[in-house]
Amino acid sequence: MNPTDLTVPLYRLAHGRTGDKGDRSNISVIAWHPALWDVLVQQVTEEAVARQFAARGPARVTRYLLPQLQAMNFVLDGVLDGGVNDALNLDSHGKALSFLLLDLPVRMPAALVHHLAGAH
């Protein structure tokens, strides 16, 4: 780690979309700028996402990379309390789960700060 590195929330590097099917949530993470892609690939891993969602107890987290789009898709099994028809939770579709992921702390080189959302 370089002493000039910064730690910022993932939403400064990327935006997200969430979908669901049964007890499975799909969360896409899309880089704001292609220069941020390598940082995302290195740090927004299956393990990091599983830690971020530990309170929801995912059975499995799978990451799919889409490098031409500078995007990745995460499939989280067992995080929707049984799914839309079985859950008593207020967000049984899991639409807000992208916000939980986008709060993940990411360490990045200060040289890339001009590519961050909200940096201007």
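Here the structure is a predicted model, which means the values were calculated and not measured. (Residues numbered from 1 in each chain as written. Predicted model: local features only at pLDDT ≥ 70, side-chain atom pairs only at ≥ 80, totals over all residues. Heavy atoms only, no water.)

1. With respect to the overall build of the chain
Within the chain, the secondary structure is distributed over 3 helices and 6 strands. Listing every helix and strand of the chain by position from the N terminus yields β-β-β-α-α-β-β-α-β. Expressed as a percentage of the 120 residues in the chain, the buried residues total 38%. The contacts in the chain between residues at least 6 apart in sequence include a share of 67% that link residues at least 24 apart. Of the roughly 6700 Å² of accessible surface on the chain, 55% is carried by carbon and sulfur atoms. (Helix = DSSP H or I, 4+ residues; strand = E, 2+ residues; numbered from the N terminus. Buried < 20%, exposed > 50% of the residue type's maximum accessible area, 1.4 Å probe, protein only. Contact = heavy atoms within 4.5 Å. Areas by Shrake-Rupley, 256 points an atom, 1.4 Å probe, with all protein chains shown as cover.)

2. Thoughts on the environment of Val41
Structurally, Val41 is set in helix H1 (residues 37-43). On the accessibility criterion, Val41 (23% relative accessible area) is partly exposed. Residues Val41 and Arg63, 22 residues apart in the sequence, show an inter-C-alpha distance of 9.9 Å.

3. Remarks on the sheet that holds strand S3 (residues 24-31)
As summarised here, the arrangement of the 4 strands in space is S2-S3-S5-S4, forming an open sheet in which the pairing is antiparallel. A strand with exactly one partner marks an edge of an open sheet, and here the two such strands are strand S2 (14-21) and strand S4 (60-66). Taken pair by pair, the neighbouring strands of this sheet meet at an average axis angle of 20°, ignoring direction. As judged from the 7 bridges shared by S4 and strand S5 (residues 71-77), these two strands associate in the antiparallel manner. Each bridged residue has a counterpart across the sheet, and for Val61 the counterpart in S5 is Leu76. (Pairing = 2+ DSSP bridges. Axes fitted to C-alpha atoms, helices over the stretch in contact; angles between N-to-C directions.)

4. Some remarks on unusual backbone geometry
Of note in the backbone geometry, Gln70 takes a positive phi value of approximately 50° without being a glycine. Position of Gln70 relative to the elements: it lies in the loop between S4 and S5. A relative accessible area of 21% places Gln70 in the partly exposed class.

5. Points about the nonpolar core
Leu10, Leu13, Leu40, Val44 and Phe74 are the most contacted members of the largest nonpolar core, which totals 29 residues. Of all the secondary structure elements, the ones that give two or more residues to this core are S3, H1, helix H2 (46-52), S5, helix H3 (97-102) and strand S6 (105-108). (Core = buried A, V, L, I, M, F, W, Y, C linked by side-chain atoms within 4.5 Å.)

6. Here we look at the pattern of salt bridges
Two side chains bearing opposite charge may form a pair once their charged atoms approach each other closely. In this structure the tally under the stated criterion is 2 salt bridges. Measuring nitrogen to oxygen at the nearest pair gives 2.5 Å for the salt bridge that ties Asp77 to Arg24. Placement of the pair is Asp77 in strand S5 and Arg24 in strand S3, with a sequence separation of 53 residues. By relative accessible area, which is 12% here, Asp77 ends up buried. Connected through salt bridges with shared partners, the residues Arg24, Arg60 and Asp77 form a single ionic network. (Salt bridge = Lys/Arg side-chain N within 4 Å of Asp/Glu carboxyl O.)

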